[in-house]
Every structure is written in C-alpha cells, then in structure tokens.
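Descriptive analysis of the structure
The residues making up each chain are set out below.
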Amino acid sequence: MLDKTKRGWWKSAVFYQIYPKSFQDTNGDGVGDIPGIISRLDYLEQLGIDGIWLSPVYESPQEDNGYDISDYEAIYPPFGTMEDMEKLIREAEKRGISIIMDLVLNHTSDEHRWFQEARKSRDNPYHDFYVWRDGRPDCPPNDMRGVFGGSAWTYVPHLGQYYFHQFAAKQPDLNWDNPAVREALYQMIRFWAGKGVGGFRLDVIDQIAKVPDEKITANGPRLHEFLRELSEKAFVREGLVSVGEAWSADVERAKQFSNPDGSELSMVFQFEHICLDQKGEKWDVIPLHLPALKRCFDRWQRGLHNCGWNSLFMDNHDLPRIVSRWGNDGAYRVESAKMLAAMLHGMQGTPYIYQGEELGMTNIRLPIDQYVDLEIKNLYQERTARGVPEEEVLRSIYARGRDNARTPMQWTDGDQAGFSDVRPWLPVNPNYKTVNAAAALEDPDSTFYFYQKLIALRKQYPIFQDGSFTLLLPEDEQIFAYRRDTEKEHLLVVCNFTPDTIPFDRPAEFENARLLLSNYEQGTGPLRPYEAQIYYLSEETQ
Ligand code: GLC
Ligand code: CA
C-alpha cells in the first residue's frame, strides 16, 4: 500500500477510471450504481490500483451523463445515496484505494439552482454566476459553436440576453471572473475533502477562463491565476491530488500546470497523442503513423522530465477502445492489448486504466437508434442533413463514438455479462462470452494479469517513476522501442506494433539484461506479432 501522507504519493500510483453508469448494477434498473462499485472493490484491489477516478455521480439531469451537474453536494439517486458514497470512500480506503472525484467547474446544468436563479432577472444575485450578453433573437453575439453542435449561445427572451455554453445548451458556462463563483466552488470542494476524497479530476479545466467576445475558450488570460487560487484555497490539504483535463495543452503549458512546486495542479491529461490519427475533426479518421506517435511521446517524456508530471492514458469515457484503435481487436486482441499497455506503463508519469481496458474490451457497432450519447446523435443529424452518406457517418461513429467506451463492464459470460439482471441502458458488447473478468481471472495469461504485473513492477522498481527517457529507432514504422535510465538502473521497452514478425537487435548493453515482462514465452528470435518486452539491467547486481 502506498503511503499517502507522503508528498507526491501519486507519482508512484496507478489510477483506474470508473464510469459509474456502466460499471455494475445492483438493483436491477439497468444502470450501474455506487453499491455496485463497492461490490467490485476486491477486484480492483487485486488488480493493484491506488485510486479510482470516479466519473460524475452528482445530482444531474444526465443530459451529458453527469457532466451537467445540478447539485454538487448531492448524489444522483439512481446511483445511490450520500451514505453509499461515504461507504464507498471508507471501503476503498481500507483497500488502499483513494477516490478521485470528477469535478466539472467550467459549467453546471441549467437545472442547477444557481442557473435557475440567474435566469430569473438581470438583478438576481446569481445572474452574474453565468456569462450573459445582450442581444436580439436570431442574432447571437458571435458565431461560436458548441462542442456538441449548434450555436454556443442560447437566448432567454424575458431577459433579452444570451447565455454562453461551450457544450450543450443545458450546460451553461460559469463566470469565473466573478469572485463569488470561485468562492462557492472552493467551498464545495472543501465539503468533499471533508468526506475523505483523495483528490479531483477537473473536467475541461483549461476552459474556465474563457473570453467569448474574443472567441477564446481555452487558456484564457486569467487561467493560471485562477488555478493558483484554486490550488491555494481548495487543494491545500496535504496530499490532495488534482488532474486537469486540458485538450489544448502543449508541453510548455503542461509544465506550468504540473509545476513540481504544486502551485497549480498535480498533472494534466493532454491529448496530442490522441489526435494523431485524425484529420482536423476527430470524426475524420486517418491511419496512425507510428513515428509520429513516438515523436509525440518522446517530446512529452523529455519535456516534463524533472519539471512537470505526465498522465499516461490511451482510453477514457470519451475515447474509443484502444485495442480497436491502435491494436488489433481480431486475432491478436490479447497480444496487442498487452503490447499497448507495456508501451504506456513503461513511461514516466501516472498511468490511468479505463474500466475494461484491463480485459482488452473492444469497440461496438450499434444501429443508430441504439446509441445514447448526445454527441453521436447530433453528429448523425448534422452530417446526414448535409448529405454525407449514412455509411460514412456510421463509419466515423464506429471508429470514434463515445458510446464505444461506455458499454457495460463485462464481468461474466452470463446474462448481460453479469452487469445487470435486466436490459442495460446501453447494450452489452456481444463479445462478452469470451471477453469478461471471470474468464480473465481464470487465465494466468490474461490481459488482467499483465496489467497487474505492470502495476506491481512500477511499485517494485523506482526506475519506472524516475528514469529518463530515450527514444530508439525514431523512424521505424513498426517498432516502438525506448529506454529508461537512472544512474545505476536501465530499462528497455520494445513493442511490435504490427501483426508481422520483425527482426530486432537489442542494444548490446542489454544483451544480458533480465526480461521483466513479455506477452510471449521468452524467445531469442525476431519479434512476434504485437510482441512486447521489458528488460531490466542494474549495475549493482552484475
Ligand atoms: C469533458 C468530459 C466529457 C464531457 C465534457 C463536457 O470533456 O470528459 O465527457 O462531455 O467535458 O463536460
Ligand atoms: Ca442500478
């Protein structure tokens, strides 16, 4: 168990993301719930994780699955009660697992009491909690678009004003320029800190300082000032970890966000690697060019070494399943899932595993009317209305739709994959008969145990946390290889990104190195399909 009183404990931690709606249903309504999470804590303890990033469980009309909060200090009843939440925090703690709550500070639901008040009149004390501009109907302040489609402005006739929303119209943006907004949010964070949560994942945190008149959404002029205040006034409690979602972050900005002096955040999720296999919009998919991926990780690994901290992830609730994306979800599903895990977990940073990633769960294809995500629905409508052929739109959805990651967790080969007794809110992936946790736990060669070993290695060998990073073979289009070094220890990570057998010569120095982990039986020949190897060398034991 990690000593969480130690400053920076999260640097040797591995986190696991739970999307509550899809994790485990216990009361037969087809929707996952907090008692369901509690019932699976032993499984997570067995995996070896140190913290759970819990996607939002707050009271919400669920327009955007909880990323539209209508009461920050209440639990969405289908997920459970405040007592359930307190029990989850306690039960997790017993197993050395911290709860990292997802927190949306950029916007609320339009059903939040603050917004209900704000829209009553211009002189309501809560009016200035949101971002308003005067205007006439049909003539929004500017042409900014919401992330989920449509204008970013919605008109309220009795006020003669538009409010600003970067996401759906039901997600009005909070006005961070108003000190009363910031104070109310800090107070709420202290409420949760008092309940014993270990920290927060901060939704679209780079957007809070938006200036819509100048069409600035990310990295507004006061962003770092706000973050420093947030850190000082809300995260002061020793050891509260914070990870910010920052789609706009480049290395320079991430250094500031994750400055080791702790003045802003512990770390950020950046998305440069995630955007490499698309052309412009995420829906316009292009093949991944391996050298580009390697250059990207190389830049981030070297860029933040000793002056910031990386979050390592490939999957989350907004992204397609990685094995379907960069691996092979057919004949080499298991091999490629393990290879991708080795590639990522060998690096410096805090790894995040998204529920089901440890089982090699894959994407799904549904008929259009079975999708639930509003982003998918809006895309389908907008593109088909524009005359884009249906097959083309569906191809984008199959490759990138957020519901790929949101299908229920596959626990067993029984009905509804053991997720629920009834038809769940989103269909179970039909491959649950073979891809499920029960089968994985029975099979010593499963992806589950591979992740378990990666997590254990990170705890056992400090070089995973501290070592410098050097990319090998930068131009090679098939192999991703890198080394990690400290003064006395060395790691070599070698990954074959293809279904082909590829010759590879280990650097001479690693000739007698110990193989710490591989997804194949030890061999001396060329790399087998999707083979991954991690070698270790210590000058002391030679
Ligand atoms: C983040 C969340 C996503 C949500 C959006 C708006 O990107 O991860 O799920 O839709 O913010 O809150
Ligand atoms: Ca339920």
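Everything that follows concerns the structure shown earlier in this document.
Residues numbered from 1 in each chain as written. Chains lettered and ligands numbered in written order. Predicted model: local features only at pLDDT ≥ 70, side-chain atom pairs only at ≥ 80, totals over all residues. Heavy atoms only, no water.

So, on to the pattern of salt bridges. Taken as a whole and assessed by the stated rule, the structure comprises 40 salt bridges. Across the pair Asp373 and Arg402 runs a salt bridge whose closest N-O atoms are separated by 2.9 Å. Highlighted residues: Asp373 in the loop between β15 (350–354) and α11 (374–385) and Arg402 in the loop between α12 (390–400) and α13 (403–406), separated in sequence by 29 residues. In terms of burial, Asp373 and Arg402 fall into one category: buried. (Salt bridge = Lys/Arg side-chain N within 4 Å of Asp/Glu carboxyl O. Helix = DSSP H or I, 4+ residues; strand = E, 2+ residues; numbered from the N terminus. Buried < 20%, exposed > 50% of the residue type's maximum accessible area, 1.4 Å probe, protein only.)

The next thing to look at is empty space enclosed by the protein. The full count for this structure, using the stated rule, is two cavities of 30 Å³ or more. One number sums up the size of the largest cavity: a volume of about 50 Å³. Looking at the largest cavity, the residues that line it are Asp315, Arg321, Ile322, Val323, Ala337, Glu357, Gly360, Met361 and Tyr451. Of the residues contributing to the lining of the largest cavity, the split by class is five nonpolar, one polar and three charged. (1 Å grid on protein atoms, 1.4 Å probe; cavity = no way out; pocket = protein on both sides within 12 Å on 5 of 7 lines; lining within 4 Å. Points joined across faces, edges and corners; volume = space filled by probe spheres on them. Nonpolar A, V, L, I, M, F, W, Y, C, P; charged D, E, K, R; others polar.)

Next up on the list: helix α8 (residues 290–304). Taking 1.5 Å of rise per residue, the 15 residues of α8 would be expected to cover 21 Å, and the 21 Å separating its terminal C-alpha atoms lies within 8% of that figure. Of the positions making up α8, those classed as buried are Leu290, Pro291, Ala292, Leu293, Lys294, Cys296, Phe297, Asp298, Trp300, Gln301, Gly303 and Leu304. The inward-facing, buried residues of α8 abut α7 (251–257), β14 (311–312), α10 (333–345), β16 (468–472) and β17 (479–485). Directly after α8, the chain includes Asn306, whose backbone phi takes a positive value near 65°. (Expected span 1.5 Å × (residues − 1). Contact = heavy atoms within 4.5 Å.)

Among the six residues that make up strand β5 (residues 98–103), six are buried, leaving the element largely enclosed by the rest of the structure. Along β5, one buried face is formed by Ser98, Ile100 and Asp102 and the opposite face, lined by Ile99, Met101 and Leu103, is buried too. Relative to β5, strand β2 (residues 51–54) runs parallel, the two being bridged by four bridges. The residue bridging Leu54 from the neighbouring strand is Met101, located in β5. Two elements, β5 and strand β9 (residues 199–202), share four bridges in a ladder whose sense is parallel. Bridging across to β9, Ile100 finds its partner in Gly199. (Pairing = 2+ DSSP bridges.)

What follows covers the packing of aromatic side chains. Per the counting criterion, the structure on display carries 35 aromatic pairs. Measuring from ring centre to ring centre gives 5.2 Å for Trp114 and Phe129, while their planes differ by 65°; the resulting arrangement is edge-to-face. Here Phe129 lies in the loop between α4 (113–118) and β6 (132–134) and Trp114 lies in helix α4, a separation of 15 residues in the sequence. According to the relative accessible area criterion, Trp114 is buried, its value standing at 9%. Taking the relative accessible area as the measure of exposure, Phe129 reaches 6% and is therefore buried. (Phe/Tyr/Trp six-rings, centres within 6.5 Å; stacked < 30°, edge-to-face > 60°.)

Looking now at the pairing of strand β1 (residues 15–18). Here β1 shows two buried faces, one formed by Phe15 and Gln17 and the other by Tyr16 and Ile18. Pairing of β1 with β15, which is carried by three bridges, proceeds in the parallel orientation. The residue of β15 that forms the bridge with Tyr16 is Ile353. By the bridge criterion, four bridges tie β1 to β2 in an arrangement that is parallel. Bridging from a neighbouring strand, Gln17 pairs with Trp53 of β2.

Our next topic: the coordination of the calcium ion (ligand 2). Distances from the calcium ion (ligand 2) to its protein donors, Asp25 (OD), Asn27 (OD1), Asp29 (OD), Val31 (O) and Asp33 (OD), fall within 2.3 Å. Look at where the donors of the calcium ion (ligand 2) fall in the sequence and you get D-x1-N-x1-D-x1-V-x1-D. (Donors = N, O, S within 2.8 Å, 3.2 Å for Na, K, Ca; no water.)

Bringing the state of the cysteines into the picture now. Overall, the coordinates contain zero disulfides when judged by the stated rule. In this model Cys296 remains outside any disulfide bridge; the closest cysteine sulfur is found in Cys275, 9.2 Å from its own. With a relative accessible area of 3%, Cys296 lands in the buried category. Free cysteine: Cys307, not disulfide-bonded; nearest cysteine sulfur from Cys296 at 16 Å. Residue classification places Cys307 among the partly exposed residues on the basis of a relative accessible area of 28%. (Disulfide = S-S within 2.5 Å.)

Moving on to the layout of surface pockets. When its volume is computed, the largest pocket comes out at roughly 1,000 Å³. Along the walls of the largest pocket sit 42 residues, with Val147, Phe148, Phe167, Lys282 and Glu375 positioned nearest its centre. Going through the elements one at a time, β13 (281–285) and α11 are the ones with two or more residues in the lining of the largest pocket. Sorting elements by how many residues they give to the lining of the largest pocket places α11 first, with five residues. When its residues are assigned to classes, the lining of the largest pocket shows 15 nonpolar, twelve polar and 15 charged.

Moving on: the sheet that holds β6. As summarised here, the arrangement of the three strands in space is β6-β8-β7, forming an open sheet in which the pairing is antiparallel. In this open sheet, the two edge strands, each paired with only one partner strand, are β6 and β7 (153–156). Ignoring strand direction, the axes of neighbouring strands in this sheet form an average angle of 30°. In this structure, β6 lies alongside strand β8 (residues 161–164), joined through three bridges in antiparallel fashion. Residue pairing across strands places Asp134 opposite Gln161, the latter belonging to β8. (Axes fitted to C-alpha atoms, helices over the stretch in contact; angles between N-to-C directions.)

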